[in-house]
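Now for the letters of each chain:
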Amino acid sequence: MRTTDPVGQAIPGLRLAEDSAAADLDRGAVTVLVVEDHALLAQSLVIALDAQGCTAQVADLVDRATLLQQVRTQRPAVVLLDLDLGALGDGVALVQPLTALGARVLVVSGTTDRVRLAETVEKGAVGLLAKTAPFEQLLSTVLDVVAQRVVLSTARRYDLMAELRVARAARSRDLAPFQSLTPRERTVLAGLAHGQRAETIAATAVVSEATVRSQIRSVLAKLGVNSQLEAVALAWTVGWFAGTH
């Protein structure tokens, strides 16, 4: 049996036939924690893993702190991690702390964002699997991770890291003009993004309106745009606000 990860890499799957059981790790000693907000998928995985001799459980998705405390207490060997977890936010940020607590993290996600997937590998995820994969393949890959088999090839890992470097270089180029803004100019740009007029920004900062208008002209020149609307649109497009606020 073979399976594929979200970026199209074929990886060997674990044979489920009983005659291979003796060659595997003692799965009964392994705890698998399923961090997934799709209840049906999570429960299906738990049932299937229990049937294979694993000790599996669905995580309590209350908040990040509760999840990490559960991992500290239960010390699961393997964590199946979705990346879009509602109240818990972006699962990418959970990979490193989960790995630091000793878990082998397998990302099981519906995302097709290759940069996000690459970031999880950079932070320590041992493999990637698409939710769209057939359930049998999903289960097989999980059991590979339980048995401490490699589920992400060196070549695919290299490709992902290369794509991540390219994406970060492009982002750095996009953000370079914004790095040249002074703290006051950044504040002015943020005010414009919130729909504030020059006089309002001036009153808030306790400076003259002329000073703010001079700062606005400087922002436009540094960003290479001709209007306040263009400046704000560019900032949103390159993600500058997300990185500063």
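Overview of the structure. Going along each chain's sequence as written, the residues are numbered from 1 onward. Side-chain atom pairs in this predicted model are given and counted only at pLDDT of 80 or more, local residue features only at pLDDT of at least 70, and totals for whole chains, interfaces and linings cover all residues. Side-chain metrics in this entry use all non-hydrogen atoms of the structure; hydrogen atoms and water are not considered.

1. Some words on the sheet that holds strand 4 (residues 55–58)
Strands pair, by our definition, only if DSSP identifies at least two bridges between them. By definition, any uninterrupted DSSP run of H or I lasting at least four residues is a helix, any uninterrupted run of E lasting at least two residues is a strand, and each is numbered from the N terminus. An order of 4-3-5-6-7 is seen for the five strands of this open sheet, with the pairing classed as parallel. Two strands in the sheet have a free side with no partner beyond their single neighbour: strand 4 and strand 7 (127–130). Adjacent strand axes in the sheet meet at a mean angle of 20° when their direction is disregarded. In what follows, a contact means two residues having at least one pair of non-hydrogen atoms within 4.5 Å. Axes, fitted as lines to C-alpha atoms, cover a helix only where it is in contact. Angles between the N-to-C directions of the axes lie from 0 to 180 degrees. Sitting on the sheet, helix 1 (residues 39–51) touches strand 3 (31–35), strand 4 and strand 5 (78–81), and the angle it makes with strand 4 is about 170°. Seen against the sheet, helix 5 (residues 135–146) touches strand 3, strand 5, strand 6 (104–109) and strand 7 and runs at an angle of roughly 165° to strand 6.

2. Considering helix 8 (residues 198–205)
All buried positions along helix 8 are accounted for by A198, I201 and A202. Buried residues of helix 8, viewed axially, fall in a sector of 100°; they line one side. Exposed side chains of helix 8 directed beyond 90 degrees from the buried face belong to A203 and T204. Residues of helix 8 that are buried make contact with helix 7 (183–193) and helix 9 (209–223). Accessibility here uses a 1.4 Å probe with only protein chains present; expressed as a share of the type maximum, an area under 20% marks a residue as buried, one over 50% as exposed, and anything in between as partly exposed. In this description, the arc belongs to the directions extending from the helix axis to the C-beta atoms.

3. Quick notes on the pattern of salt bridges
Note on definitions: salt bridges are taken to be side-chain nitrogens of Lys or Arg within 4 Å of carboxyl oxygens of Asp or Glu. Following the criterion strictly, the structure yields 11 salt bridges and no others. A salt bridge links R114 to E163; the shortest N-O distance between them is 2.5 Å. Of this pair, R114 sits in helix 4 (residues 114–122) while E163 is found in helix 6 (residues 154–179), placing the two residues 49 residues apart along the sequence. Owing to a relative accessible area of 30%, R114 belongs among the partly exposed residues under this scheme. The class of E163 is partly exposed, set by a relative accessible area of 31%. Between K222 and E185 there is a salt bridge, and its shortest N-O distance comes to 2.9 Å. Placement of K222 in helix 9 and of E185 in helix 7 is noted, with a sequence separation of 37 residues between them. Each of R197, E199, E209 and R213 takes part in one network of salt bridges that share partners.

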